[in-house]
Amino acid sequence: MALAVFLGALAMPLAAAGPAAAASGTFAYVANTFSNTVSVIDATNTVITNIPVGTIPIGVAVSPYNTRVYVTNASTRTVSVIDTFTNTVTATIPVGISPFGVGVSPDGTRVYVANAASNNVSVINTTTNTVTATIPVGISPFGVGVSPDGTRVYVANAASNNVSVINTTTNTVTATITVGSDPQLLAVTPDGTHVYVANVASNNVSVIDTSTNTVTATVTVGPGPTGVAVTPDGSRVYVTNAASNNVSVIDTSTNTVTATVTATITVGPNPDGVAVSPGGTRVYVTSNSAGTTSVIDASTNTVTATVTVGSGPIGVATARVPVVATATCPGGSVITGGGYQQSGGAVPPTEVTSRPVGNTWQVLADNQTTNYTTVTPYAVCAS
């Protein structure tokens, strides 16, 4: 068996997308419930495309490599899978009744979907795009959060006033935690030690200690808290208050509200979804009534842009879509491995990843860094 190394046909410059990429950089994906689309907002606060999905899209989650976006469609009982390189739907997966919240495992192999009218969670195998398990939880499950190590999934049950804790190895509920009234969305801190739960009817946020599965703090926010997001460094939590048209900012070291972004003037009414950019510099807030998404500067807690999206935006998630380049094995040979060569400076390990894709070797490079200029993939092929 002869082995040969084949370099990618094109080197991958930092400033330009690889041959298979439609775009690269930081994007926000907004689910528009009444337009049945997902708006994609780029770093210039411009909607670059609107992607048709199912009927009444609500929840949005991004895969670990930022290569796919998963969108729940409440009316059609499906999940749309969006390829972030082409911004097209590549699969539609049937799930339970009225799917709302969605979360992805850290390794990208599983997607967890809360089916509000089925009172269960669908587990999707991302390789086959099929449901491989269904887990009963509380009544009207909405929000979903996955622990950073992938061992637990947290589900907010709105009509049960509690949070279910799922063991991902056994796909069973191992604990049920009582929180406030009408919990809808939640977020897990990056270190996995706490879960923040927005209780819509209690006007507060429950803070769960994941080591004991108990509520250790309750933070009063504005009326109708719905969306909740944690910054990448875990220092702050942003909570949208739908009934008071503002966003509360919680300091996680003290669990107190340290700032409020007024929404009556600078943000559209009924703020709902919220997401923090991968770098932690921007916060995106959807306004369901106005059909807009507000962009908040996280360093000043001020609104710097208001972007018109589709009708009835709710869910939002952010992704840092990488540059992609591919080395391909010639016909008649089989890929046995691969890698990449770089020039122009050292690259942090988290900035470049590579993997086999069919009979090619694909390299994904984060173009937000400036300490390298070119990454060239290569494939090791056996004839």
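Residues numbered from 1 in each chain as written. Predicted model: local features only at pLDDT ≥ 70, side-chain atom pairs only at ≥ 80, totals over all residues. Heavy atoms only, no water.

Even after reading the chapter, I still don't get the overall build of the protein chain, so can you show me in this structure?
Scanning the protein chain for helices and strands turns up one helix and 35 strands. Within the protein chain, the fraction of its 383 residues that count as buried is 56%. For the protein chain, long-range pairs separated by at least 24 residues make up 48% of all intrachain contacts whose partners lie at least 6 apart in sequence. (Helix = DSSP H or I, 4+ residues; strand = E, 2+ residues; numbered from the N terminus. Buried < 20%, exposed > 50% of the residue type's maximum accessible area, 1.4 Å probe, protein only. Contact = heavy atoms within 4.5 Å.)

Help me out: how do you make sense of the environment of Thr-240 in this one?
Take Thr-240: it is sitting in strand β23 (residues 236-241). With sequence-adjacent residues up to four places away left out, Thr-240 is seen in contact with Gly-224, Pro-225, Thr-226, Gly-227, Asn-246, Val-247, Pro-271, Asp-272, Gly-273, Val-274 and Val-285. Polar contacts involving the side chain of Thr-240 include one to the main-chain amide nitrogen of Gly-227, which spans 2.8 Å. (Polar contact = N/O pair within 3.5 Å; in protein donor to acceptor, adjacent residues only side chain to side chain.)

I'm lost on the sheet that holds strand β30 (residues 313-321) in this one. Help?
The strands making up a sheet associate through hydrogen bonds between their backbones, and the pairing can be parallel or antiparallel. On the basis of which strands lie adjacent, the open sheet formed by four strands has the order β5-β4-β3-β30 and antiparallel pairing. The open sheet has two edge strands, β5 (47-52) and β30, and neither has a second partner. Direction aside, the axes of adjacent strands within the sheet are offset by 20° on average. Judged from the five bridges that link them, strand β3 (residues 25-32) and strand β4 (residues 37-41) form a sheet pairing that is antiparallel. Residue pairing across strands places Tyr-29 opposite Val-40, the latter belonging to β4. (Pairing = 2+ DSSP bridges. Axes fitted to C-alpha atoms, helices over the stretch in contact; angles between N-to-C directions.)

So what exactly am I meant to see when it comes to the nonpolar core here?
For soluble globular proteins, nonpolar side chains are generally found buried alongside one another. Core analysis: the largest hydrophobic core is formed by 18 residues, its most contacted members being Tyr-29, Val-38, Val-60, Val-69, Ile-82 and Val-321. Of all the secondary-structure elements, those providing two or more residues to this core are β3, β4, β6 (57-62), β7 (68-73) and β30. Sequence-distant contacts of Val-69, defined by excluding residues within four places in its chain, comprise Tyr-29, Val-60, Ala-61, Val-62, Ser-80, Val-81, Ile-82 and Thr-84. (Core = buried A, V, L, I, M, F, W, Y, C linked by side-chain atoms within 4.5 Å.)

What's the story with the state of the cysteines in this structure? I'm lost.
By definition, a disulfide links two cysteine residues through a covalent bond between their sulfur atoms. Taken as a whole, this structure holds one disulfide when the rule is applied. The side chain of Cys-329 participates in a disulfide bridge whose partner is Cys-381; the two sulfur atoms lie 2.0 Å from each other. The sign of the S-S torsion, about -90°, decides the handedness of the disulfide formed by Cys-329 and Cys-381: left-handed. Of this pair, Cys-329 sits in the loop between β31 (323-328) and β32 (334-343) while Cys-381 sits in strand β35 (residues 374-382), placing them 52 residues apart in sequence. Taking the relative accessible area as the measure of exposure, Cys-329 reaches 5% and is therefore buried. Accessibility expressed as a relative area gives 2% for Cys-381, which makes it buried. (Disulfide = S-S within 2.5 Å.)

Explanation requested: the environment of Pro-225 in the structure shown.
Along the chain, the position of Pro-225 falls in strand β22 (residues 225-230). Here the alpha-carbon distance between Pro-225 and Thr-240, two residues 15 residues apart in the chain, equals 5.5 Å.

It is not clear to me how the pairing of β6 should be interpreted in this structure. Could you clarify?
Residues in a regular strand project their side chains so that they alternate between the two faces of the sheet. Within β6, six of the six residues are buried, which leaves the element mostly enclosed by the surrounding structure. With four bridges connecting them, β6 and β7 associate as antiparallel partners. Its bridge partner lying in β7, Val-60 is registered against Val-71. From the end of β6 to the start of β7, which pair antiparallel, there are five residues, and Asn-66 there has a positive phi angle of about 65°.

What exactly am I supposed to notice about the pairing of strand β10 (residues 99-104) here?
Within β10, five of the six residues are buried, which leaves it mostly tucked inside the rest of the structure. Looking at chain direction, β10 and strand β11 (residues 110-115) are connected through four bridges and run antiparallel. Among the inter-strand pairings, Gly-103 is bridged to a residue of β11, identified as Tyr-112. Here β10 hands over to β11 after five residues, with Gly-108 in that stretch at a positive phi of 75°.

Just checking my understanding: could you explain the sheet that holds strand β9 (residues 88-94) for this structure?
Ordered in space as β6-β7-β8-β9, the four strands form an open sheet in which the pairing is antiparallel. Edge strands, defined here as strands with exactly one partner in the open sheet, are β6 and β9. Averaged over neighbouring strand pairs, the angle between their axes works out to 25° when direction is ignored. When strand β8 (residues 78-83) meets β9, the two strands line up antiparallel, connected through six bridges. When the sheet's bridge partners are listed, Thr-78 is paired in β9 with Pro-94.

For this particular structure, what's the right way to read unusual backbone geometry?
Comment: phi is negative for the bulk of residues other than glycine, and the bulk of peptide bonds are trans. Although it is not a glycine, Asp-182 sits at a positive phi angle of roughly 60°. If you trace the backbone, Asp-182 turns up in the loop between β17 (172-178) and β18 (183-188). A relative accessible area of 22% places Asp-182 in the partly exposed class.

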